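Results of the structural survey
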Amino acid sequence: MSVFLGTHQNRLDAKGRVSIPSAFRTALRARAKSGEPLAILRPSHLHPCLEAWPADAFAALTRPLDEMDIFSEDHDDLATALYADAYPFEADKEGRILLPETLRTYAGLTDQVTFMGLGRTFQIWDPQAALARRTTARERARRLTSGRGVASATGTPS
């Protein structure tokens with residue numbers, strides 16, 4: 001399974017295009033199926049950033065809709081949150097994607113963007129907001145794992 005790893009920074013051009021890091025493009029292409037978009041771009045539910053979901057991961061994200069009454073307000077709310085601001089994308093021959101203006105505004109993106117790998121998805125952030133998010137996530141992860149004997153990178157308990 002191809003995963004998205006690392007943090008990368010790229011320039012956003014005047015037209016709203018940005019080059020996806022090559023490792024992320026490789027992972028996207030490995031997961032893409034014929035006839036599907038490379039990925040789906042959408043605003044995050046939790047953070048002021050954009051999320052890129054490979055088509056198979058996005059399909060899994062939408063599965064709870066199958067369990068709901070199609071005419072219920074819950075279904076309508078979740079469907080709106082998932083689909084209304086979602087944009088399928090393909091990369092051009094230079095590996096660039098166009099970030100729609102509404103999404104750039106949502107995430108506060110201007111001239112530089114930071115790509116953060118999250119395993120099965122990745123996020124696109126304003127660089128300063130990305131730094132703050134990584135700092136907060138590390139602090140919370142330390143609290144979540146302290147005293148639990150979580151294995152370190154060397155394989156020994158922490």
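Residues numbered from 1 in each chain as written. Predicted model: local features only at pLDDT ≥ 70, side-chain atom pairs only at ≥ 80, totals over all residues. Heavy atoms only, no water.

1. Focus: the packing of aromatic side chains
- Throughout the structure, instances matching the rule amount to six aromatic pairs.
- On the numbers, 6.3 Å between centres and 80 degrees between planes, the contact of F24 with F115 is edge-to-face. Of this pair, F24 sits in helix 1 (residues 22-31) while F115 sits in strand 7 (residues 112-117), placing them 91 residues apart in sequence.
- Exposure remark for F24: the relative accessible area of 1% places this residue in the buried category.
- Between F24 and F122 the ring centres are 4.9 Å apart and the planes differ by 40 degrees, which places this aromatic pair in the tilted class. Of the two residues, F24 sits in helix 1 while F122 sits in strand 8 (residues 122-125), which places them 98 residues apart along the sequence. A single burial state applies to F24 and to F122, both of which are buried.
- In textbook terms, an aromatic cluster arises when at least three aromatic residues are bridged by ring pairs, as seen for F4, F24, F115 and F122. (Phe/Tyr/Trp six-rings, centres within 6.5 Å; stacked < 30°, edge-to-face > 60°. Helix = DSSP H or I, 4+ residues; strand = E, 2+ residues; numbered from the N terminus. Buried < 20%, exposed > 50% of the residue type's maximum accessible area, 1.4 Å probe, protein only.)

2. Details of the pattern of salt bridges
- Applying the stated criterion across every chain yields a total of six salt bridges.
- Notably, a salt bridge pairs R11 with D111, separated by 3.8 Å at the nearest N-O pair. Pair noted here: R11 is in strand 1 (residues 7-11) and D111 is in the loop between helix 4 (101-107) and strand 7, with a separation of 100 residues, a long-range link.
- Close ionic contact of E51 with R42 constitutes a salt bridge, the shortest N to O distance being 3.1 Å. Considered together, E51 and R42 belong to a single accessibility category, that of buried residues. (Salt bridge = Lys/Arg side-chain N within 4 Å of Asp/Glu carboxyl O.)

Everything listed here is a matter of geometry and, on its own, says nothing about what the molecule does.
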